[in-house]
Amino acid sequence: MSVAQVEVLVEESSAEAALQLLLPRLLGEVRFQIHQHRGKSDLLAKLPGKLQGYAAWIPADWRILVVVDGDHGDCQALKGKLEREAARACLRTRTSAGGSPPWCVVNRIAIEELEAWFFGDWAAVRAAYPRIDANVPRQAGFRAPDRIRGGTWETLERLLMEAGYYAAGMPKIEVARNVAPRMDPAANTSPSFRVLRDVLQELAA
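Note that the structure is predicted; figures quoted are calculated from it, not measured. (Residues numbered from 1 in each chain as written. Predicted model: local features only at pLDDT ≥ 70, side-chain atom pairs only at ≥ 80, totals over all residues. Heavy atoms only, no water.)

1. Some words on the state of the cysteines
As a reminder of what qualifies: Two cysteine sulfurs form a disulfide in these notes if their separation is within 2.5 Å. The cut-offs for exposure are 20% and 50% of the maximum accessible area for each residue type, with area from a 1.4 Å probe on protein chains only; residues under the lower value are buried, those over the upper are exposed, and the others partly exposed.
Considering all chains together, one arrives at zero disulfides under this definition. This cysteine, Cys90, is not joined by any disulfide, and Cys104 carries the nearest cysteine sulfur, 12 Å off. Residue Cys90 is classed as exposed on the basis of its relative accessible area, which comes to 71%.

In structure tokens:
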């Protein structure tokens, strides 16, 4: 069965801004709607009720994508929590189905934050902010986007400010809107982004 629509649940507005620009390229003709929350705790608090609500009416050709930040935490524990909430709502997840259809929910974690995906495509960051250091991906500590220490958004903010951008602090939504349209999903080196990309392309197919 082909997928008609994807319901996307995200933490906050910068993730929504990035995905609004990326999803059309990854989902093709599949429709989508993004539902943002007021942070990770808000999403996790509302998730049980939202999944119960979806379970009562969601069509068989719709899918639910939940995207949350790892935020220095135990990503396996977080993934387990997301999987259990779907199970309580009697919604089959891609993980519990072993990747085989039919399934309804897929949970994906940005490790550790959305900005790790930007570090995974430094050419896109450079295209949006040409004064930023081109050698960052070759420096120790930056070669693995999902393992950058000190917080990825804080690190990106520091690098942008050092390059003469955003002296008053990095506006996350603006940066997401500037970088996302310049990203090449096929070339991204962030493992957590690639896992998201692959499942979206699977839905599009």
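There is more to say after this.
2. What to know about the pairing of strand β1 (residues 5-10)
Threshold: Counting from the N terminus, the helices are DSSP H or I runs at least four residues long and the strands are E runs at least two residues long. Paired strands are those between which DSSP finds at least two bridges. If the strands point away from the viewer and the path from the first strand over the helix to the second runs clockwise, then the crossover is right-handed.
Extensive coverage of β1 is indicated by the burial of six of its six residues. Side chains Gln5, Glu7 and Leu9 project from β1 onto one buried face, and the interleaved Val6, Val8 and Val10 project onto a second face that is buried too. Strand direction decides the pairing type here: β1 and strand β2 (residues 31-36), joined by six bridges, are parallel. When the bridges of β2 are listed, Val10 appears paired with Gln36. Each parallel crossover has a hand, and for β1 linked through helix α1 (residues 13-27) to β2 it is right-handed.

3. Comments concerning the environment of Glu7
Inclusion rule: Note on definitions: a residue-residue contact is assigned when non-hydrogen atoms from the two residues lie within 4.5 Å. We call two N or O atoms a polar contact when they sit within 3.5 Å, provided that within protein one can donate a hydrogen and the other can accept it, with sequence-adjacent residues counted only if both atoms are side-chain atoms.
Position of Glu7 among the secondary structure elements: in strand β1. Linking Glu7 and Val68, residues 61 residues apart in sequence, is a C-alpha distance of 14 Å. Setting aside residues no more than four positions away along its own chain, Glu7 makes contact with Gln33, His35, Tyr54, Trp62, Arg63, Ile64 and Leu65. Polar side-chain contacts of Glu7 include one of 2.8 Å to the side chain of Gln5.

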